[in-house]
Amino acid sequence: MTDKLREEAKRVLREGIAEMVIGWAEGSAEFKTTPFFAFTEEDCDRLVWNTACVNNLAKYLTDYPKEKKIALCVKPCDSASVNVLIAENKVLRENIYVIGLACGGVIDPIKAADAGTCELSDATAKYACLHCVHDKPEVADIVLGEAERKLTPAGEDMPPFEERRKYWEKEFDKCVRCYACRQVCPNCYCEQCFADRTDPKWTSRKPTAGESWMFHAVRVMHMAGRCVGCGECERVCPKSIPVEKLSREMAKYVKDIYDYTAGMGEKPLLGTYKDEDYDAGVHEE
Amino acid sequence: MARIGVFVCHCGTNIAKSVDVERVAEAAKSFPHVKFAVDYKYMCSEPGQNIIKEAVKEHKLDRIVVASCSPRLHEPTFQKCAESAGLNPYMVEMANLREQCSWVHDKTEETTEKAIDLVKMAVAKVAKDAPLTRGEIPVTKRALVIGGGIAGIEAALTIADCGYEVVLVERTPSIGGHMAMYDKTFPTLDCSACILTPKMVDCAADPRIELRTYSEVEKVEGFVGNFDVTIRQRAKSVDKTKCTGCGACLEKCPSKGIPSEFDAGMGTRCSIYRPFPQAVPNVPVIDRETCKMFKEGKCGVCSKICPTGAIDYTQEDVVTTEKFGAIVVATGFDLWDHKLCGEYGYGRYPDVITSLQYERLMNASGPTGGKIKRPSDGKEPKNIVFICCVGSRDAEHGFTYCSKVCCMYIAKQAILTKDKIHDSESHVFYMDIRSNGKGYEEFIGMATCNCGTNYMRGRVSKLYPKGDKIVVKGNDTLIGKPVEIEADLVVLATGMQPVHDSVDLARKLGVSTDKYGWLTEAHPKLKPVSMLTDGIYLAGACRYPADIPDTVAQAAGAAGKVAGLFAKDSIKSEPMIAYIDQNSCAACGLCVSVCPFGAIEIEDVKDKRGNVIKQAARVNEGVCKGCGTCAASCRSLSARLRGFEGSQILNEIEALAE
């Protein structure tokens with residue numbers, strides 16, 4: 001598979017389809033890969049595709065001007081992120097060459113290190129992959145390989161309603177407000193985050209449970225209809241706060257109420273209006 | 001440091017009956033930066049306003065809170081008052097103690113507590129208020145009137161009379177609209193054509209009015225004083241500069257027998273046609289759908305016969321974009337499609353016709369030359385049944401509203417029937433007689449007493465043919481007996497409904513419609529001819545069913561609004577509108593898609609040398625109405641609303657949470 005990927009990447013550069021290919025390369029340790037930017041055909045020989053390719057590379061698209069021709073390697077979840085960026089005017093579809101990779105799930109590097117294997121299994125898989133149902137990228141110019149989902153789907157993981165307050169208070173108390181979850185998110189591209197604003201100060205930077213609660217609550221609201229569930233936020237959290245759980249709950253509401261899945265629509269959820277739209281705030285008893 | 005004055009209104013007993021206003025004023029004195037607080041019976045009255053003005057002077061106040069009613073009612077009053085006291089009018093906040101407190105709660109301790117909280121929030125907000133200034137927008141003194149019926153004609157003539165240029169756009173080949181199709185008009189029985197055609201001719205003759213018949217509005221952009229409107233002039237295939245209107249082509253066209261729209265299908269026309277002899281402009285058009293030349297590529301009879309060589313088969317649609325300062329929408333109505341009401345048998349029985357078709361049968365310019373002949377066999381009908389409220393006030397088949405004009409035109413048609421066929425009998429099935437206009441009740445009296453029309457209160461349950469008659473079965477509810485009439489002709493008083501594409505037009509104009517598709521006015525009582533979008537006005541039956549007197553009055557009203565707008569060289573813009581902090585805007589475009597007024601666009605942001613450095617949203621200040629939807633949707637807090645800044649809102653929340 002890696003060979004096919006390298007071949008395709010070389011072709012893309014050779015034929016001038018893109019100026020660079022963003023993919024993954026061997027990392028500093030076993031169980032790890034690193035984001036890699038290939039500018040020449042020789043560079044392309046360092047690209048890899050395996051179960052350790054966890055990073056959602058769509059993050060890098062917003063670092064470049066829209067006019068730049070970029071080829072991007074994506075897993076199904078990453079491709080949904082690309083779709084969100086297209087719908088939100090951040091990326092021009094025609095300037096992005098999407099190399100899709102069929103994916104049956106990737107590993108969590110820490111779990112894999114503990115298990116001592118990169119072999120994908122329920123024990124080594126990235127937690128978000130246990131909630132994923134896709135094996136092919138939604139947006140892609142080419143799809144390489146074939147994949148089968150063999151992981152056992154994880155069920156409902158939000159604590160029962162009565163216990164949630166306690167649960168999240170404990171979790172948010174751990175938060176050090178490093179904002180890694182925000183920084184790694186491909187769809188968190190605001191030039192100035194509300195959390196960094198000082199006039200007025202919507203949330204203080206004090207890492208107390210209350211202030212962190214405010215930050216995460218607003219972040220999940222901002223992710224309504226936009227979070228594709230790639231799980232990067234949860235992976236990078238140094239305090240292992242399961243932040244993805246919040247977005248997943250939000251995605252469930254969005255699906256139930258508006259029948260919308262982030263990264264699958266042509267327009268952003270909040271930018272569209274249908275007559276039959278259900279107004280949860282007004283009608284819910 | 002802010003110096004705040006708080007003025008608490010009793011509103012007679014409206015507020016004072018359930019709120020202890022004196023305690024509210026006393027409590028206000030302890031809020032931060034409040035230098036003066038007082039209560040008074042009517043703050044909006046002249047003595048009340050004087051209290052404010054004197055307090056501003058005496059206590060050197062720089063901003064005020066008025067705790068009274070909804071800002072929708074009296075914010076402008078107190079803004080003006082503040083302005084005359086030397087303050088910026090936008091340094092005023094209102095705490096709504098009436099609609100949101102005293103009216104909705106009983107006299108309890110909590111009601112006063114809530115009133116105090118409301119004042120506390122307003123004080124917190126006003127402390128963060130910043131002075132705002134109104135901008136100026138230039139006005140293009142040229143009006144667009146959409147629709148060439150009596151409403152459009154009247155509006156165009158009035159605007160032109162005030163000295164401004166007007167473009168009148170009409171979809172059909174001639175102006176005149178529905179009114180041109182009528183025989184006589186109620187309640188005076190003047191001939192419709194005699195009072196309408198001179199106005200049509202005036203329209204054509206006035207150098208300030210430009211007629212664009214056979215044209216449609218495609219796109220509307222811009223805002224009050226500065227609309228950019230794209231108009232498509234459909235190809236008429238006749239050169240209007242050469243055509244003399246002699247009509248030779250109409251005689252010779254071989255494609256005859258096409259149902260005439262103007263005769264409501266009662267008569268026929270050919271492929272090259274003008275809707276009626278008095279059409280303005282008097283230039284025929286070729287209907288390319290039915291013309292042999294366009295369908296089969298050979299014919300050319302009209303071209304050969306035309307003495308001036310005016311026929312031009314190669315003409316193409318012309319699309320132009322022009323600037324206008326104001327738009328009057330006068331697109332009128334459609335008749336309800338009564339096929340939806342199967343029991344009346346329309347379409348199945350030739351002698352069941354609509355009132356508009358009957359109008360054409362009575363009209364001297366109609367297919368029968370004004371002689372009433374029934375469609376099936378051309379015989380003169382003696383026994384005529386009129387059925388009212390077909391579609392109107394009928395939620396099951398049509399709509400719940402009353403079409404307003406049917407009672408009157410049925411009375412008119414009954415009177416005219418008696419006039420034309422002396423030995424005829426007219427029977428009217430009605431639900432209620434609605435005759436609330438000047439001279440209308442007397443007109444109904446003329447139909448019932450003088451002309452002996454047989455009015456029966458009740459609905460018709462069934463129609464069926466019997467020989468060459470139509471049996472009408474109904475119920476006379478006043479005598480409580482079933483009625484059966486053998487009629488020669490049945491006329492259905494079909495109601496009015498919005499033009500079939502009124503929602504499309506509303507979308508183009510960026511205005512709203514109600515659930516039926518009627519265009520919505522800005523205020524049903526106080527702004528009946530304005531729309532919520534500034535610079536767009538409406539008149540006649542595009543808003544709601546209207547008869548001719550109402551329509552003409554509304555058209556003159558709309559024209560007056562336009563003239564009022566054009567009398568100024570520039571207009572003041574409201575400063576409480578949105579703006580974008582382009583430094584932090586990420587150009588995601590969410591504000592663009594949620595803006596109900598189309599006021600936001602994404603633009604390139606350039607540095608001093610003209611290099612594009614990024615993209616960002618921009619608010620068109622003339623279009624923005626300050627609804628704040630963009631500000632609520634923006635994740636990076638780049639879209640903001642002047643007068644409702646984050647700091648103001650947060651201050652309010654903090655005051656409440658203290």
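Keep in mind it's a predicted model, so treat the numbers as computed, not measured.

On a plain count of helices and strands, chain B comes out with 18 helices and 34 strands. Dimensions of chain B, computed from C-alpha atoms along their principal axes, come out at roughly 90 × 75 × 40 Å. Among the 658 residues that make up chain B, the fraction classed as buried is 53%. Put simply, of all contacts in chain B between residues at least 6 apart along the chain, 69% involve residues at least 24 apart. Approximately 29000 Å² of chain B is accessible, and the part contributed by carbon and sulfur atoms is 51%. Of note, chain B has its 82 positive side-chain charges centred 3 Å away from the centre of its 82 negative side-chain charges.

Right, let's talk about the domain arrangement of chain A for a bit. Residue and element names in this part refer to chain A. Considered domain by domain, chain A is made up of domain 1 (2–144) and domain 2 (161–278). A C-alpha centroid distance of 23 Å is found between domain 1 and domain 2. Counting residues at the interface gives 21 residues for domain 1 and 24 residues for domain 2. Across the interface of domain 1 and domain 2, roughly 1900 Å² is buried in total on both sides, 57% from carbon and sulfur atoms. One can count 2 salt bridges joining domain 1 with domain 2. As a salt-bridge pair, K126 and E232 come within 2.7 Å of each other at their nearest N and O atoms. At the boundary of domain 1 with domain 2, the tally comes to 8 residue pairs in polar contact (both at pLDDT 80 or more). Of the residues belonging to the side of domain 1 that touches domain 2, the class tally is 9 nonpolar, 7 polar and 5 charged.

The next thing to look at is unusual backbone geometry. Leaving glycine out, the prevailing phi sign among residues is negative, and the prevailing peptide bond configuration is trans. Of the consecutive residues D199(A) and P200(A), the connecting peptide bond is found in the cis state with omega at 0°. At the junction of F186(B) and P187(B), the peptide bond is cis and its omega measures out at -5° in the coordinates. Assignment of secondary structure puts P187(B) in the loop between β8 (184–185) and β9 (190–191). Although it is not a glycine, Y179(A) sits at a positive phi angle of roughly 65°. Within the fold, Y179(A) resides in the loop between α5 (164–174) and α6 (180–184).

Side-chain pairs of opposite charge can arise where the charged atoms are in close proximity. Scanning the entire structure with this criterion turns up 65 salt bridges over all chains. Between K10(A) and D45(A) there is a salt bridge; the shortest N-O distance is 2.7 Å. In this pair, K10(A) sits in helix α1 (residues 2–14) while D45(A) sits in the loop between α2 (41–44) and β3 (47–48), placing the two residues 35 residues apart along the sequence. Judged by its relative accessible area of 21%, K10(A) falls in the partly exposed class. For D501(B), the salt bridge is made with R171(B), and the minimal N-O distance between the two is 2.6 Å. Taken as a pair, D501(B) in the loop between β28 (496–498) and α14 (502–509) and R171(B) in the loop between β7 (165–169) and β8 lie far apart in primary sequence, 330 residues in all. You can call R171(B) partly exposed: its relative accessible area is 30%. Taken together, the salt bridges that share partners define one network made up of R142(B), E165(B), E210(B), R212(B) and E322(B).

What follows deals with the interface of chain A and chain B. Residue-level contacts link 18 residues of chain A with 21 residues of chain B. Summing both partners gives a buried area of about 1600 Å² for chain A against chain B, and 57% of it is carried by carbon and sulfur. Note that R197(A) is salt-bridged to D581(B), the shortest N-O span being 4.0 Å. Viewed at the interface, chain B and chain A are joined by 7 residue pairs in polar contact (both at pLDDT 80 or more).

Another point: the side chain of D287(B). Residues and elements named next belong to chain B. In this structure, D287 sits in the loop between β16 (285–286) and α9 (292–295). Residue D287 is classed as buried on the basis of its relative accessible area, which comes to 11%. Ignoring sequence-local partners within four residues, the contact set of D287 consists of Y214, R269, S271 and Y273.

Next up on the list: the sheet that holds strand β11 (residues 215–223) of chain B. Residues and elements named next belong to chain B. Strand order across the open sheet formed by 3 strands is β11-β12-β17, with antiparallel pairing between neighbours. In this open sheet, the two strands that pair with only one neighbour each are β11 and β17 (318–324). Within this sheet the neighbouring strands show an average axis-to-axis angle of 20°, counted without direction. Relative to strand β12 (residues 226–233), β11 runs antiparallel, the two being bridged by 8 bridges. Bridging from a neighbouring strand, V217 pairs with I231 of β12.

Side chains three or four residues apart in an α-helix point the same way, a direct result of the helix having 3.6 residues per turn. Relative to the 20 Å expected for 14 residues at 1.5 Å per residue, helix α7 (residues 192–205) of chain B spans 20 Å between its end C-alpha atoms, a close match to the ideal helical length. Contacts made by the buried residues of α7(B) are with α6 (150–161), β7, β8, β9 and β10 (209–212) of chain B.

Residues and elements named next belong to chain A. What α5 keeps buried is the set R164, W168, E171 and F172. Down the axis of α5, the buried side of the element spans an arc of 95°, and every buried residue falls inside it. Residues of α5 that are exposed and point more than 90 degrees away from the buried face comprise K166, K170 and D173. The inward-facing, buried residues of α5 abut α7 (209–222) and α9 (244–258).

All names here are of chain B. Evaluation of the coordinates by the stated rule reveals 12 cavities of 30 Å³ or more. Computed from the structure, the largest cavity encloses a volume of approximately 140 Å³. Lining the largest cavity are 17 residues, with C585, C588, C634, R635 and S636 positioned closest to its centre. Of the residues that constitute the lining of the largest cavity, the class distribution is 12 nonpolar, 4 polar and 1 charged.

Residues and elements named next belong to chain B. Alternating positions in strand β18 (residues 326–329) separate into two faces, A326 and V328 on one and I327 and V329 on the other, with burial throughout. Here strand β6 (residues 142–146) pairs with β18 via 4 bridges, running parallel. Each bridged residue has a counterpart across the sheet, and for I146 the counterpart in β18 is V329. Taken together, the 3 bridges between β18 and strand β29 (residues 536–538) define a ladder with parallel strand orientation. Bridge pairing in β29 links V329 to L538.

Moving on, we get to the pairing of strand β2 (residues 34–40) of chain B. All names here are of chain B. Sheet topology places strand β1 (residues 4–9) next to β2; 6 bridges connect them, and they run parallel. When the sheet's bridge partners are listed, F7 is paired in β2 with V38. Note that the unit made of β1, helix α1 (residues 21–28) and β2 has a crossover that is right-handed.

With that settled, the discussion passes to the sheet that holds strand β21 (residues 383–390) of chain B. Residue and element names in this part refer to chain B. Ordered in space as β20-β27-β21-β22-β23, the 5 strands form an open sheet in which the pairing is parallel. What marks the edges here is a single partner per strand, and that holds for β20 (352–354) and β23 (454–457). With strand direction ignored, the average angle separating the axes of adjacent strands in the sheet is 25°. The pairing of β21 with strand β22 (residues 425–430) spans 5 bridges and is classified as parallel. Its bridge partner lying in β22, V385 is registered against H427.

With that settled, the discussion passes to the nonpolar core. Membership of the largest hydrophobic core comes to 121 residues, with the highest contact counts inside it found for I159(B), I209(B), Y358(B), I387(B), L463(B) and V490(B). One finds I22(A), L57(A), Y189(A) and C588(B) within the second-largest nonpolar core, a separate group that totals 46 residues.

A few words now on the packing of α7(A) against α9(A). Residue and element names in this part refer to chain A. At a minimum axis distance of 9 Å, the contact between α7 and α9 shows a crossing angle of 40°. Compared by their axis directions, α7 and α9 come out oblique. The handedness of the crossing between α7 and α9 comes out as right-handed. Counting all contacts with α7, which are made through H216, V220 and M221, the residues of α9 involved are L246, S247 and M250.

All names here are of chain A. As for its position among the elements, S81 is in helix α3 (residues 76–87). With a relative accessible area of 0%, S81 lands in the buried category. Excluding residues that lie within four positions of it along the chain, S81 makes contacts with N56, A58, P186, N187 and V228.

Each value, and the rule that gives it
- Residues numbered from 1 in each chain as written.
- Chains lettered and ligands numbered in written order.
- Predicted model: local features only at pLDDT ≥ 70, side-chain atom pairs only at ≥ 80, totals over all residues.
- Heavy atoms only, no water.
- Helix = DSSP H or I, 4+ residues; strand = E, 2+ residues; numbered from the N terminus.
- Buried < 20%, exposed > 50% of the residue type's maximum accessible area, 1.4 Å probe, protein only.
- Contact = heavy atoms within 4.5 Å.
- Areas by Shrake-Rupley, 256 points an atom, 1.4 Å probe, with all protein chains shown as cover.
- Lys, Arg positive; Asp, Glu negative; His and termini not counted.
- Charge placed at Lys NZ, Arg CZ, Asp CG, Glu CD.
- Domains from an automatic or database assignment.
- Buried area = accessible area lost by both parts, 1.4 Å probe.
- Salt bridge = Lys/Arg side-chain N within 4 Å of Asp/Glu carboxyl O.
- Polar contact = N/O pair within 3.5 Å; in protein donor to acceptor, adjacent residues only side chain to side chain.
- Nonpolar A, V, L, I, M, F, W, Y, C, P; charged D, E, K, R; others polar.
- Pairing = 2+ DSSP bridges.
- Axes fitted to C-alpha atoms, helices over the stretch in contact; angles between N-to-C directions.
- Expected span 1.5 Å × (residues − 1).
- Arc of directions from axis to C-beta.
- 1 Å grid on protein atoms, 1.4 Å probe; cavity = no way out; pocket = protein on both sides within 12 Å on 5 of 7 lines; lining within 4 Å.
- Points joined across faces, edges and corners; volume = space filled by probe spheres on them.
- Right-handed = clockwise from strand over helix to strand, strands pointing away.
- Core = buried A, V, L, I, M, F, W, Y, C linked by side-chain atoms within 4.5 Å.
- Parallel < 35°, antiparallel > 145°, perpendicular 65-115°, else oblique.
- Left-handed = near helix turned anticlockwise from the far one by under 90°.

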